[in-house]
Amino acid sequence: MTADELYQQAFHALIAALEAASLCDEGCGAGTLLAYAQSLAIPTTGIEPDVAKLAEANRRGLDIRAGTAEALPFPDGAFDVVTFENSLHHVTEIGRTLAEAMRVARQAVVIVDPWFDLSISSQVVGDRFERWMKALDRMTGMVHRDPIAAGVIAAACNGSAVTVRHLLQLTPMSNEAFEYFAGRAQPHMETPVYRANGMDQELSAIRAAFQSTGITEAGALLVTVLK
């Protein structure tokens, strides 16, 4: 089982254990999680700001609405469970997003998001490379936050009962994968913002650390917030 499959399985198990009567997935993409929830006979709705993904999901017959997690078009307590599957790091305001999720959830909010164990050297390099790639994405206007600590999520939940699990299956990144991701910088190298932020120097330092220590890919942060 790959690391991604392991993390997804654990996330799905959390959702199944709640025995929800309804579910809303925030930043649902093309609706993969919604399809899983429907396989459990859970009525589902998704929110997705990307027009292309919205159209793809609707072609699949899924109930997905255009919108953002910061301003949900639903009344209080509209769903038993609200979920974020690797989407929380794409929101503009974490506090407002989680307040909205808690507002429309009757039972719980369940989150999975990338996480690195900074006590492991290869994870430290992985975290550094992740931050470099996200900085690159932000140059294109994408909302792409650095890894979010569990404490940040818990603090935004205003005293609600928060359960946190950290999962990690150490998966080395190949040299081919590293160079593929590093190659995403090519269209930006001559831009003033790329140069001003020392992106080339940082990539050189990360490449040297990768060659010395290696990189292992992100683990998963699993958070359940009970109402």
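Note that the structure is predicted; figures quoted are calculated from it, not measured.

Quick look at the overall build of the protein
Tallying secondary structure elements over the protein gives 9 helices and 7 strands in all. Expected size for 227 residues packed as a compact globule is a radius of gyration near 17 Å; at 18 Å, the protein falls within 12% of this value. In terms of its C-alpha atoms, the protein occupies a principal-axis envelope of roughly 50 × 35 × 35 Å. A burial count over the protein gives 46% of its 227 residues as buried. Relative to all contacts within the protein whose residues are 6 or more apart in sequence, the contacts with residues 24 or more apart total 74%. Accessible surface, the protein as shown: approximately 10,700 Å² in total, 54% of it carbon and sulfur.

Considering the pairing of strand β5 (residues 105-115)
Counting buried positions along β5 yields 9 of 11 residues, so the element is predominantly enclosed. In terms of strand pairing, strand β4 (residues 79-85) meets β5 through 6 bridges, oriented parallel. When the sheet's bridge partners are listed, Phe 79 is paired in β5 with Ala 105. After leaving β4, the chain enters helix α4 (residues 94-104) and then returns to the sheet as β5, a path that is right-handed. Examined bridge by bridge, β5 and strand β7 (residues 219-226) share 8 bridges and lie antiparallel to one another. Following the sheet pairing, Val 109 is matched in β7 by Val 225.

Considering the side chain of Lys 134
Along the polypeptide, Lys 134 turns up in helix α5 (residues 121-139). Not counting residues up to four positions away in its chain, the partners in contact with Lys 134 are His 89, His 144, Arg 145, Asp 146 and Pro 147.

Thoughts on the packing of α5 against helix α7 (residues 175-182)
Running from N to C, α5 and α7 cross one another at 30 degrees; their axes reach a closest spacing of 11 Å. Put simply, α5 runs roughly parallel to α7. Contact residues: α5 offers Phe 129, Trp 132 and Met 133, while α7 offers Phe 178, Phe 181 and Ala 182. Grouping the amino acids of the contact of α5 with α7 by side-chain chemistry returns 6 nonpolar, no polar and no charged.

Comments concerning the pattern of salt bridges
Enumeration according to the criterion identifies 13 salt bridges in this entry. The salt bridge involving Arg 103 is made with Asp 76; its shortest N-O contact spans 2.9 Å. Remark: Asp 76 occurs in the loop between β3 (64-66) and β4 and Arg 103 occurs in helix α4; sequence separation between them is 27 residues. Salt-bridge contacts for Glu 100 lead to Arg 103; the nearest nitrogen and oxygen are separated by 2.7 Å.

Examining the packing of aromatic side chains
One pass over the full model with this rule turns up 5 aromatic pairs. Where Phe 74 meets Phe 79, the ring centres are 4.9 Å apart and the plane angle is 90 degrees; that geometry is what we call edge-to-face. In this pair, the class of Phe 74 matches that of Phe 79, namely buried.

So, the layout of surface pockets
The gaps of empty space that remain are located by a probe, the size of a water molecule, rolled over the atoms. Here the largest pocket defines a volume of roughly 740 Å³. Along the wall of the largest pocket there are 30 residues; nearest its centre are Asp 4, Pro 114, Glu 130, Glu 217 and Ala 218. Of the residues forming the lining of the largest pocket, the biggest block, 6 residues, is contributed by α5. Classifying every residue of the lining of the largest pocket gives 12 nonpolar, 10 polar and 8 charged. If you add up the space inside the second largest pocket, you get close to 520 Å³. Elements with a minimum of two residues in the lining of the second largest pocket: β1 (23-26), α2 (32-39) and β4. Of the residues assigned to the lining of the second largest pocket, the class counts are 8 nonpolar, 10 polar and 7 charged.

Parameters and conventions
- Residues numbered from 1 in each chain as written.
- Predicted model: local features only at pLDDT ≥ 70, side-chain atom pairs only at ≥ 80, totals over all residues.
- Heavy atoms only, no water.
- Helix = DSSP H or I, 4+ residues; strand = E, 2+ residues; numbered from the N terminus.
- Rg over C-alpha atoms; globule rule 2.2 N^0.38 Å.
- Buried < 20%, exposed > 50% of the residue type's maximum accessible area, 1.4 Å probe, protein only.
- Contact = heavy atoms within 4.5 Å.
- Areas by Shrake-Rupley, 256 points an atom, 1.4 Å probe, with all protein chains shown as cover.
- Pairing = 2+ DSSP bridges.
- Right-handed = clockwise from strand over helix to strand, strands pointing away.
- Axes fitted to C-alpha atoms, helices over the stretch in contact; angles between N-to-C directions.
- Parallel < 35°, antiparallel > 145°, perpendicular 65-115°, else oblique.
- Nonpolar A, V, L, I, M, F, W, Y, C, P; charged D, E, K, R; others polar.
- Salt bridge = Lys/Arg side-chain N within 4 Å of Asp/Glu carboxyl O.
- Phe/Tyr/Trp six-rings, centres within 6.5 Å; stacked < 30°, edge-to-face > 60°.
- 1 Å grid on protein atoms, 1.4 Å probe; cavity = no way out; pocket = protein on both sides within 12 Å on 5 of 7 lines; lining within 4 Å.
- Points joined across faces, edges and corners; volume = space filled by probe spheres on them.

Without other data, these values stay purely geometric and don't point to any function.
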